[in-house]
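# Understanding the architecture of this molecule
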Amino acid sequence: VVSSGATDFGVRLLYVEVLRDSNDNDEALKVLTQLLKDDPPAPVRADALGDLAILHALAERREDEIRAYTEALAIEPHSFARSLLIANRSEALMATGDVTSAVDGYRAALAPLTAVEMFWVGPTTLFGLGVALDRIGNPEAALESVKLARQYDPIDRGLRSSSWMFSPAHDSHWYWALGGWSCGRFSQSWAVRSECYATAVAEWEQYIESAPPDDRWTPLAHVRLKAVKRER
């Protein structure tokens, strides 16, 4: 058990990961809240704020999530860590409907990445940028962004990893629908194209079926479903 007065901030951050992996998010929130009250050094505080933002994302507390990412960015000096924070904040901004800021954020997250770092965080960021571009009304650029993401990660390992989450959860269908559409558009194999278009259609249909009644993107999903059916 890690007490709230523990001086080893690193141990408490690891404990938060264990709690989150165990879906004990309420306890994780308590541990992080106390850790931040104990005035940790800036690097630890930035990590704690990033973890706090993830807990808010899981609960879909968007304003709190964005605030935590913004506070972390104010003190995080490392460019790679900053790119991750900016990309995650962009995801939260998109969830609020602020897609223009999300597009700007994704691009800002990509800008400082080295060629090697692109293989680590570039694919998911490019995929997120693709979704944002699609929702802002530029599906052609969206498909190109997904195509570029797959040049770094052909099998979507990043999006399928245990460290990645979709928030809200039904957004996963939008990502996979765009992935299918991009594959159908750009693959050189007719058999693969056929399969990819079928995936895109199925994923758009699942998005529409699983989205809550007040989902802001459902009308656009209907438009995209019709477009990909015509293209197929």
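Note that the structure is predicted; figures quoted are calculated from it, not measured.

Scanning the chain from terminus to terminus reveals 12 helices and 0 strands. Reading the chain from its N end, one meets helices and strands in the order α-α-α-α-α-α-α-α-α-α-α-α. At 19 Å, the chain has a C-alpha radius of gyration in line with the 17 Å of a compact globule built from 232 residues. Principal-axis analysis of the C-alpha atoms places the extent of the chain at approximately 60 × 40 × 30 Å. Sequence separation of at least 24 residues holds for 54% of the intrachain contacts in the chain that already meet a minimum separation of 6.

With that settled, the discussion passes to the packing of helix α7 (residues 115–135) against helix α10 (residues 172–186). Remark: α7 packs on α10, axes separated minimally by 10 Å, with the N-to-C direction vectors making an angle of 90°. With respect to their mutual orientation, α7 and α10 come out roughly perpendicular. Between α7 and α10, the contacting residues are F127, G128, G130, V131, D134 and R135 on the first element and W174, Y175, L178 and G179 on the second. Here the residues of the contact of α7 with α10 sort into 5 nonpolar, 3 polar and 2 charged.

Conventions and cut-offs
- Residues numbered from 1 in each chain as written.
- Predicted model: local features only at pLDDT ≥ 70, side-chain atom pairs only at ≥ 80, totals over all residues.
- Heavy atoms only, no water.
- Helix = DSSP H or I, 4+ residues; strand = E, 2+ residues; numbered from the N terminus.
- Rg over C-alpha atoms; globule rule 2.2 N^0.38 Å.
- Contact = heavy atoms within 4.5 Å.
- Axes fitted to C-alpha atoms, helices over the stretch in contact; angles between N-to-C directions.
- Parallel < 35°, antiparallel > 145°, perpendicular 65-115°, else oblique.
- Nonpolar A, V, L, I, M, F, W, Y, C, P; charged D, E, K, R; others polar.

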